[in-house]
Every structure is written in C-alpha cells, then in structure tokens.
Amino acid sequence: MLILQCPYCGIDAEETELAPGGEAHLKRHGPGSSDEDFHDYLFARENPRGVHFERWRHANGCGKWFHAARDTATLEVFGTYPAQTTEPPKEIRDAITARRPGWRWREFS
Amino acid sequence: MSARIATQGRLIDRSKPITFTFNGKRLHGLQGDTLASALLANDQMLVGRSYKYHRPRGILASGAEEPNALMGLGEGGKFEPNQRATTTELYDGLTARSQNHWPSLEFDVGQVNAALSRFFPAGFYYKTFMWPKSFWEKVYEPVIRQAAGLGAVPKERDADTYEYFYAFTDILVIGGGVAGLQAAKAAAQTGAKVLVLEQTPHWGGRAPVDGGTVDGEPVEAFVERTVAELSAMENVTLRTRAMGAGVYDHGYALGYERLTDHAPLLAGPRHRLWRIRAKRIITATGAIERTLSFAGNDIPGVMLASAMRDYVVNYGVAPGQRVVIATNNDDAYRTAIALKQAGIEVLRVLDARNSGGGDLMRQAHEMGIRIDCGRAIARVKGAKRVTGVSVCAHDGEGGALEEVACDAVAMSGGWSPVVHLWSHCGGKLIWDETQAHFRPDPNRPPTGADGEGFVVPAGAANGELMLDAVLSDADAAGKLAAKAIGFKPKRGKVPQGAGPEEAPMMPVWLMPARATTALRNKAFLDYQNDVKVSDVQLAAQEGYESVEHTKRYTTLGMATDQGKIANINGLAILADSLNAPIPQVGTTTFRPPYTPISMGAIAGEARGEIFQPLRRTPMHDWHDENGADWEPVGHWRRPYAYVRPGESVHDAVMREVKNTREKLGLLDASTLGKLIVKGRDAGKFLDMLYTNMMSTLKPGKCRYGLMCSENGFLIDDGVVARIDEDTFLCHTTTGGADRIHAHMEEWLQCEWWDWQVYVANVTEQFAQIAVVGPNARKLLEKLGGMDVSKDALPFMEWRDGQLAGFDVRVYRISFSGELSYEIAVPACRGRAFWDLLLKEGAEFGVMPYGTEALHIMRAEKGFIMIGDETDGTVIPQDLGLHWAISKKKDDYLGKRAQQRSHMTDPNRWKLVGLETLDGSVLPDGAYAVAEGVNENGQRNVQGRVTSTYFSPTLGRGIAMGLVLHGPDRMGEVLEFPGTDGKAFKAKIVSPVFYDKDGEKQNV
Ligand SMILES: [Zn+2]
C-alpha cells in the first residue's frame, strides 16, 4: 500500500487511488522495427532490486499518468514527475544519486 | 485433574456464574473466564485432536499462540470454525465444539493414523498417494479431505455484520502491555496523535501476573495509573479487543477489532477492520514462551509454564493438582511460586541447568519446593491426560532415574520476542546468543517512503525481558518515534522497574540433550501439524537445507501457527541437523495476519446488495417492473429477456427474436460506451487507435471499427460517428467504456502528448434506444419530426433532429441485420422516450428485447461479439475481418505485432459458422477433436465453439467457432465431444446464416 504524490494535483495518493502501468520510459517500436527491437519493446522489462522507474495513473483522482522513481527493495520514493517526458528529469536523478550514489537503470545514471 | 480453586482469579467475578456447552455438555464458568479457563475449571483437559495423527490434545497456552484448543463456536449463521478457546471470552449460552475427530472427541477412529505414524513421516503427502494416478480423484483425495483439515466450513449465510474503519494517526502502538503503555505515554506527551491497539480485553499484558514493582508500587498499579493518564489525553485513542494484524508498505497497518464476540447480543457489527495509516508504528507485541521438546510434550496436561500461572492468577483455575515443572530459565520459578501460593502441590522443578537459577530459584527453595538441577523430563506418561513423568539427567539419552506420578506438567524453554509485525514489511532480525532468540535488528528496520525506518520495536518484542529494561526501552521507543516525525520529546523521569535478579538461560532444543530416536519420535515441535523433532531431522537428512523448503516439506509452522509455537525450536533442530549456526539457517517469512481474522471483516460492508456499485440506465425501473431477467454486464444490469407470466426464459427469448425480425423490437442500448474524441488531431489519433481509417470518414457518417492492443489482439469494437471536422463519437462495448476511455487517455498522455485531442466519456449522459425491425420506420414517422426516409437518412449515417418533440440523435446502424435506428436522447429524457415508443409502437407490434435476443440476432448475421469470439488471444485476421483493417495506414496500435511470425501463421484457427447435422445446439466452448492424442493422453483438437444458440429464425442450432484452416474447409463435418458423453457432429459453413447480402438492414 504505497503512497505516491501525484505531480499534477499534488495529492499524496493511496495505492487504492492509483493504477499501475509497469515500467516507465519505454520507447515505442512500430512498423518497420526489427523483430528484436519490437520483442524487447513488448516484453523485455527491468526487474531490479533497487532503483526503478514506473508508470502510475491517478485513476481514482485527477486521471493523470505520472512517473515514480523508487526503490523496489526499501520502498523509498525518490520522486514523482509528469509522464510527458522521455527521460527522468535532472532533479529526480539528483535525488536518487543523493541516496544511491552510482545507481544505474537502463541508459540512465 | 484441573479445577477451580478458592483463591486467586484477578479477572473473574465469582458472583456471576455463566452456563455454556462443550460438545453438547452443559458446563459452568464465571464472568471473566476465557473458554479455555472455563474448560479447565470443569476438568476438560482433552479439547481436540491433532491434524495428522489425531492425537489427544489439551490446552497448551493462554493466549494467541494456542495451537490445540481450536473450536467451532456458535450455531447456524453465527457459526465460526477454528476459534481459539484461549482468546474466546466466555458468555452465557456460548456453544463450543471440538474439531478434528470422528465420530467423537473421546473415541476417534483417525487415531489409527498415530499407530501407523512410521508410515507418515515428513513429506508424507509428497511421498505417498502418488500412484496409481487414477486413485487420486476417487480414493486418496476424498480420504485425505475427510481425515485432515481443521474446522468445518460454515454452511449458512453469515448472520453478522462487519465494517471497515479508516484511521490516520501519527503513531500507532501495537500492544497494550507495560511496554506499549509506556511507549504510548512517552509519544503522546510530545503532542503526537497516538492510537493504541491491544488484542485482549485487558491492559498490562503479562506484567500483572509476572509481578515486579514500578517506582516502588506493584506493577498492576502502574498499569492502572498509566491507562488512566492516557485515557485523559485528547490526542490518545485506546482500543482493547483490537489486534494489530499486519504492517504493510508506507505505514499502512490493519487492525482487527472484535466488538461483539464476547457478547453476541450487543447491537452493531461483530468485527471491525481498521485500515490505518501511521507515520510511525511501535510494535510492543511482547514475547511468547517456547515449549521444551521432550517425549510426550503434547499429552493433555502439559502446558507452558507461563500459561499455567496465568490460569492460576488470572482465573483461579489449577491446571493440575500435582505438578512437575521443567525449565531452562528462571521464569518458570514464577510458576512454581504462584502454584505453591495457590495451594497446588509442586512436586519438582527440573532445571536443565546444572547450576540452576537466581533469586527466584532461591525464593522457591525457601518455600519448600524441591528443585533438581541438571535434570530433565525423559518422557511424559499418559494418553488423554498426564499420569506421570520419567525424570532423567538432561545431559544424557533419557535413561530414567526416577518416576514421578503427577497430573500436570509445566514447561519453559525460554522466550521469543513476537517479531511478526516488525517483519511483515521487511524488518530484519538478529540472533541474540544470550537469550537464544531472534530479535529486531535496529539497523535494518522496514523503511517508508522517506527511506527511514517506520517501525520501532519496544520492550519484550525488542528482546528486553526484564521489567526495568522493558520500561526504559519502551520509553525510548515512544520518544524516538515522536522525534522522527517532528515532535519534541520532553525530558522526564523514566519509570523505574524492579524485579528479581535472573540467572542466564541455557538453550535446550531437545530434552534430554541426547534423546534416543524413540523419544525424539514423540517430541513435538508443531502441535497443530504434528511435526516432531524426528521429522525435521529426516527432512535435513533428505537434503532439505533451506528453512523455507523444510517448512513446506514438514508443514512445520504452517496453518494458524505462523511461527509462534513451532518456529525457533524447529529452526534449532534443523540447524543442529545441518551442523550450521541458527542465524545462518534463518527464519521463515512472517506473513500477515498475525492471527487469523474473519472473512467477514475482510469483506466489510461489501456484501449482498452493496457488494459493488450498481449502474442503472434511465429505463432500469421499467425493465424491473416488466419481467426483466437480469444479466450482469460490467457494473450494469441488462435485461437478458423480458419474461411474461407463464413463459420460460427460453420462450421469452424466442418470442423476442421472432417479433423483432417480423415486426418491431426495442433495445435499451444505453449501456454502450460513448466517448467523444475532439480536437485538431482527433482523426489522426483515431487512425492510430482503430485498425481501419477513421480520418477519411465524412461528418454525418458512421463506420464500424476494430481496436487492438499494442500486442495485436482485438480488445474492442464499435461504430464511430463523425460529428464534425474535429469531433468523433466512438461507441464501445458495454463493458469496455471505462477501459477504452483509459486506453485512449494512456496513449494521449504517455505517447502522443503533443497531439491536440481531448476525450470525454459521455456514456451516462445519453439514453440510447435501438428501434429495430421491419416496422421501425413506420413508428418513427408516426412520431413525427425529422425525415427518417432512406434518402434523408441512409444506412450507416446519423442525423440530429427532433422526434415527437424530443431532441434526438439518430444513427442508422444495425447489430441485428434488420432495419434499425439507434436513437440517443439526453439521459433525463430516456424513460419518457422509451414509454412513448412503447405506446405509439403498440399498433406496429412493438416489444422490448433483451441481451440474449440481441446475441442470437447478431450471431444469425455472423457479427462477432467481443468476449465471445475474442478472448485476448484473437486478432482481427482470425475473424475474417480483413476488410476492417486499413492497408493504407503506416501504423496503428497492433499493426507491428500482427506482422510477427506467430500472428501470420496460416495454422491459426479462423472463424467459421457451424451447423449441427441434427439441428441440435452445440455446447458452448466445446472442442473439435482431431486424429490422435497428445502427451497427456487427451484427444488432439482442431477448433472450438465461441458462440452457440438456438436460432428461432432458422429453427435450428447455429454456432460460430475458430477452426484450423476453417474457411478452406467449407462443408467438412467436425466432431465435438460434449461433457455428458454425447458427441456432436457439425458442418463447417459461412458464419453469416441470415440475409447474407445484408438487404434487410439497408432499406
Ligand atoms: Zn492527481
């Protein structure tokens, strides 16, 4: 029963207000992509013990999708930010570095 | 024998007798008794049978850790199985039944298992009953189900009510013993909001029985004073009969309050589930005494030493008249002293330690109690009750030195902190060598959103077992928790506890230390699951090194025990067998709830009529008053058919289809999803969402569309109408409206966030009525208003206008194959318009029809239904819907996936129609068999039925199905075995059974 702050309406939302959306920052591969790229886009997911980026929707609230950076083992939340971005913003990455120096996740660090 | 004594009994009221029954026998107890103390007061030492061997079992404990005395309580709608007698407060008229025996508690045929116990070793479920395979269903499983298991499942509807309660607090204190009270006080004095949950009806925990002083006064007085102080504080909430059941992520906790279990005549809910958010949680959950593993430690009359003094001091009940006590620590001397003071004969204290104990031992000695050091129990004698013990040297194999006749045995193997709630959300443990127990590791607490620990253990739950240390630890815990969330602790005097000096305990995992195989075979670790020392040793010998595997293989600590009685002793035996240190073996995972909570509390108010919200169309009441046979569709209820007096449901469906095809039908289609998609890029967006091209649709026209997931699978379908250049109205399936709305939002917000598109779900803003059948136009023309002729409003177009003065939007679309108008009116006008259509339509033979008639008519036309022809693995190409897939578009959701090799495989099953040779109706979901069998000996298959109905129009059964190479096999006959032995033969035909050229709908 996580609590995540919705970056749109500012509410500290209970998990019951939220709908999970899996991994964040996936790059869409459509027609013309290779079988391998498309396969990875559909199925290959990170499953880290530690820093992770996820999509959540404030489904029973303002309805907006947002991203959360958190630690899957300790449940620490480093921050949430709007979903309209292809990479974690600098302040989120800095917040993670402050707590987990040397972290890496896909191409981000 | 066990009996009520004349003295003691701090919790009972001797002036208030109570009558109750046990297995139909009338017995007497006192106000304040638990069911367990009352049974003991009546010399009912045998209270149940064990799970596997059906051995006679007595009361072992006095609290939540009791493994044996599980009862079926109450009758009928109030019956509850598996209730602990030790936590059941006695009330007048209580009825209890023991479990796990047949035909009776005294005489049980299952006990034959015990005689065969050498055939039931660890893992016996895995090893036995394997062959022959065919015996499983008919022989093994029914026998095991009869013989094993705990209480019976209630048969009647639960007569009680339950509720949820939401609470938000700064600090939650779980446990109302001296540690919990002191921690709560220290926290509350900072101004923090504090909630304290205590699982029993009494404050103070064990302390009033165990004794000691606080600041010079008896500990009981300290408890009373602290409760009074807390009660007077506005920022403190105190709850008894409320257990902290579980600790979860980010400070979420569940409390389980038992409101009327102790007084069923009280009004209100029986249980209340507290859903708590706390900034910090203090676990002051105390400690549980361990058993000693000697042969016969499960015979009725053998009891935990602390429990025995609880029965004496709290309830004035002597669990025996002549008692032998075995111990490895000083605490058991408290029992010896309490028993002696109550006039009970204490024959021996057998202290496994060669040098014995401290102050308490001296005190017991001075009272004239015989103490034998370095001595142990070799075995307990007796069957349904203890008759004596063989005494031996602890450091030996169990050779008897002396036989002592007695009627009860108290044992103490030391104390284990209750670390369950600390561990639920990931708190780690460290091994304490001195006390031989696991306690919370302060450096590895469960962490919250801020990365800081949010659980603080206090007192005995933190491994502090001496009164003074308990109080100072709890005080520090309260202050620490408050400080961590921004409150300023006041520097105040910490109450000083005082008690006797205690000598170190000595770990004893097997008694005597080198007990023979025969003795180990009768030394129980887990009473409930009948796991013995020898079982764990066998598991280790067979290669089970992981404690989690051993648990599952032996069933140690499973079921309701959850690591209370069985945990540490079992781990220690496993560690010893593996020659590994105990901390390296580790513990099993502690999972919530701490003790079982009722299913009623989990369901709360969500039952019966208010199980879930019910969505009603504007015409719902009319349907209800006119024979609707309701069908749940999503959160809606839709009429399956309108059944008239004297008709069967089937008759009604047949009548509705026939009438619609021949005259005029009305369908309440309001539940269909209606999504407005609007904006400069709306067309571009819908081109991505639908497989076909929507951007080329002209305003005023309608187009049927298919929607796929990015995986390529068909997820929804419906008719799209273009309202104007920037606006589309997308119809979805009834169940799909919210899902497809969310699907659109997801892609708009997360992928194409720069596109100028908005989506609004207006499903409930409009009532929609389908006017269907050859007389449809006649009725609308009679109403008067807009032109509904073929020229003014052709098939697959829509118009806004007025009919009989109603503002309407009319779509010429058809899901039945007939001339059909779907008419949308504002929801508030829906019922009036429906009533008008029925009234004015009477002369044209109007009748409403339900969802089954709708289904039959669409199947006659070969139209697919999402959820029938699709199941999440079907792509549009499987259904012959190539015509609805644009070849001009570069991209749409699912396009790339539909190019993957498995999706283009010519062997994918394809949609066909199926016609039984004899006209009967194929069973839904039936498989078409092929030649040969697969590796499990089952027939190979080559297709399956997706929709099947009796068609009144054709007078025979019709079906649709997915068949291997189906469209290329027209006319072939397939065999579909039914479940009742009958095999159906059906011919592959076109899925369009009726009006193949679509002439009827386009008139
Ligand atoms: Zn929000």
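Residues numbered from 1 in each chain as written. Chains lettered and ligands numbered in written order. Predicted model: local features only at pLDDT ≥ 70, side-chain atom pairs only at ≥ 80, totals over all residues.

A count of helical and extended segments in chain B gives 25 helices and 52 strands. In terms of overall dimensions, chain B has a C-alpha envelope of 115 × 70 × 55 Å along the principal axes. A buried classification covers 53% of the 1003 residues belonging to chain B. Excluding contacts between residues fewer than 6 apart, the proportion of contacts in chain B whose partners are at least 24 apart in sequence is 67%. (Helix = DSSP H or I, 4+ residues; strand = E, 2+ residues; numbered from the N terminus. Buried ≥ 20, exposed ≤ 12 C-beta atoms within 10 Å, placed from the backbone. Contact = placed C-beta atoms within 7 Å.)

Okay, the sheet that holds strand β45 (residues 820-826) of chain B next. All names here are of chain B. Taken in spatial order, the six strands make up an open sheet running β43-β44-β45-β42-β36-β46, and their pairing is mixed. A single partner strand is all that each edge strand has here, and the edge strands are β43 (798-803) and β46 (846-848). Going from strand to strand, the sheet's axes swing by 30° on average, the running direction of each strand aside. As paired strands, strand β42 (residues 766-772) and β45 are joined by seven bridges and run antiparallel to one another. Bridged to Ile769 within β45 is Ile823. Sheet contacts for helix α23 (residues 776-783): β36 (664-668), β42, β43, β45 and β46; angle to β42, the most-contacted strand, approximately 125°. (Pairing = 2+ DSSP bridges. Axes fitted to C-alpha atoms, helices over the stretch in contact; angles between N-to-C directions.)

Moving on, we get to the sheet that holds strand β41 (residues 758-761) of chain B. All names here are of chain B. One open sheet accounts for five strands, arranged β38-β39-β40-β37-β41; its pairing is antiparallel. Edge positions in the sheet fall to β38 (702-708) and β41, since each has one partner strand and no second. Averaged over all pairs of adjacent strands, the angle between their axes in this sheet comes to 30°, without regard to strand direction. Note that strand β39 (residues 714-724) and strand β40 (residues 727-732) share four bridges and pair antiparallel. Note that in β40 the partner of Arg722 across the bridge is Phe728. Where helix α21 (residues 682-689) meets the sheet, its contacts fall on β37 (673-678), β38, β39 and β40, and the angle it forms with β37 comes to roughly 130°. Against the sheet, helix α22 (residues 737-750) makes contact with β37, β38, β39, β40 and β41, and its axis sits at roughly 165° relative to β41, the strand it touches most.

All right, on to the pairing of strand β10 (residues 194-197) of chain B then. All names here are of chain B. Alternating positions in β10 separate into two faces, Val194 and Val196 on one and Leu195 and Leu197 on the other, with burial throughout. Note: strand β9 (residues 162-174) against β10, four bridges, orientation parallel. Residue pairing in the sheet places Ile171 in a bridge with Val194 of β10. The pairing of β10 with strand β13 (residues 236-239) spans four bridges and is parallel. Across the sheet, the residue bridging to Leu197 is Arg239, located in β13.

A common way to state how big an interface is: give the accessible area lost once the parts meet. Taken together, the 21 residues of chain B in the interface contact 21 residues of chain A. By residue number, the principal contributor to the side of chain B that touches chain A is α22(B), which donates four residues. Considered class by class, the residues forming the side of chain B that touches chain A number five nonpolar, six polar and ten charged. (Nonpolar A, V, L, I, M, F, W, Y, C, P; charged D, E, K, R; others polar.)

Residues and elements named next belong to chain B. Looking at the assigned domains, one finds that chain B contains domain 1 (163-287 + 417-498), domain 2 (673-764) and domain 3 (859-883 + 902-989). Here domain 2 and domain 3 have C-alpha centroids that lie 31 Å from each other. At three residues, the largest contribution of residues to the side of domain 2 that touches domain 3 is made by β39. Counted by class, the side of domain 2 that touches domain 3 contains four nonpolar, four polar and two charged residues. (Domains from an automatic or database assignment.)

Sequence positions flagged by UniProt for "domain: Aminomethyltransferase C-terminal" (unreviewed entry) are, in local numbering, residues 910-995 of chain B. As annotated, residues 910-995 of chain B has a helix share of 0% and a strand share of 56%, and its two end C-alpha atoms lie 22 Å apart. (UniProt positions renumbered as here; feature names shortened; annotations may be inferred.)

The next subject is the packing of helix α5 (residues 178-188) of chain B against helix α12 (residues 467-484) of chain B. Residues and elements named next belong to chain B. Following both chains from N to C, one finds α5 and α12 inclined at 35°, their axes separated by 7 Å at the closest point. When you trace α5 past α12, the crossing you get is right-handed. From α5, Val178, Ala179, Gln182, Ala183, Ala184, Lys185, Ala186 and Ala187 reach across to α12, where they touch Val470, Leu471, Ala474, Asp475, Ala477, Gly478, Lys479, Ala481 and Ala482. Its residues placed into classes, the contact of α5 with α12 shows twelve nonpolar, two polar and three charged. (Left-handed = near helix turned anticlockwise from the far one by under 90°.)

Glancing now at the UniProt feature "domain: GCVT N-terminal" (unreviewed entry) in chain B. In the numbering used here, UniProt assigns the "domain: GCVT N-terminal" (unreviewed entry) feature to residues 619-889 of chain B. A distance of 41 Å separates the end C-alpha atoms of residues 619-889 of chain B, which is 27% helix and 30% strand.

A separate point is the packing of α23(B) against helix α24 (residues 830-841) of chain B. All names here are of chain B. Between α23 and α24, the least distance of the axes is 10 Å, while the angle of their chain directions is 105°. Compared by their axis directions, α23 and α24 come out roughly perpendicular. Within the contact between the two elements, α23 uses Leu779, Lys782 and Leu783 and α24 uses Leu837, Glu840 and Gly841. Here the contact of α23 with α24 is built from residues that sort into three nonpolar, one polar and two charged. (Parallel < 35°, antiparallel > 145°, perpendicular 65-115°, else oblique.)

Quick look at the environment of B:Pro645 now. Residue and element names in this part refer to chain B. Within the secondary structure layout, Pro645 lies in the loop between β35 (636-642) and α20 (649-662). A tally of 5 C-beta atoms within 10 Å means that Pro645 is categorised as exposed. Counting along the chain gives 89 residues from Pro645 to Leu556, while the straight-line C-alpha distance between them is 61 Å.

The next point concerns helix α8 (residues 305-315) of chain B. Residues and elements named next belong to chain B. For α8, a buried count of eleven out of eleven residues is recorded, marking the element as mostly surrounded by other parts of the structure. Within the sequence span of α8, burial applies to Ala305, Ser306, Ala307, Met308, Arg309, Asp310, Tyr311, Val312, Val313, Asn314 and Tyr315. In the segment just after α8, Gly316 is the residue with positive phi, at about 60°.

Here we take up the nonpolar core. Residues and elements named next belong to chain B. Ile325, Ile377 and Val409 are the most contacted members of the largest nonpolar core, which totals 108 residues. The element best represented in this core is α8, accounting for seven residues. Apart from residues no more than four positions distant in its own chain, Ile325 is found in contact with Ala305, Ala332, Thr335, Ala336, Val346, Arg348, Val349, Leu350 and Ala410. Counting 103 residues, the second largest nonpolar core, distinct from the first, contains Leu667, Leu672, Val874 and Ala928. (Core = buried A, V, L, I, M, F, W, Y, C linked by C-beta atoms within 7 Å.)

Residue and element names in this part refer to chain B. Counting through the fold element by element, Glu403 comes out in strand β25 (residues 402-405). Of the residues examined, Glu403 has 11 C-beta atoms within 10 Å and is grouped as exposed. When the C-alpha atoms of Glu403 and Thr691 are compared, they prove to be 88 Å apart, with 288 residues separating the residues in sequence. Apart from the residues lying within four places of it in its own chain, the contact partners of Glu403 are Gly388 and Ser390.

This part takes up the confidence of the model for chain B. The predicted model of chain B averages 94 in pLDDT, with 95% of residues at 70 or higher. Complex prediction metrics read pTM 0.92 and ipTM 0.98. (pLDDT = per-residue confidence, 0-100.)

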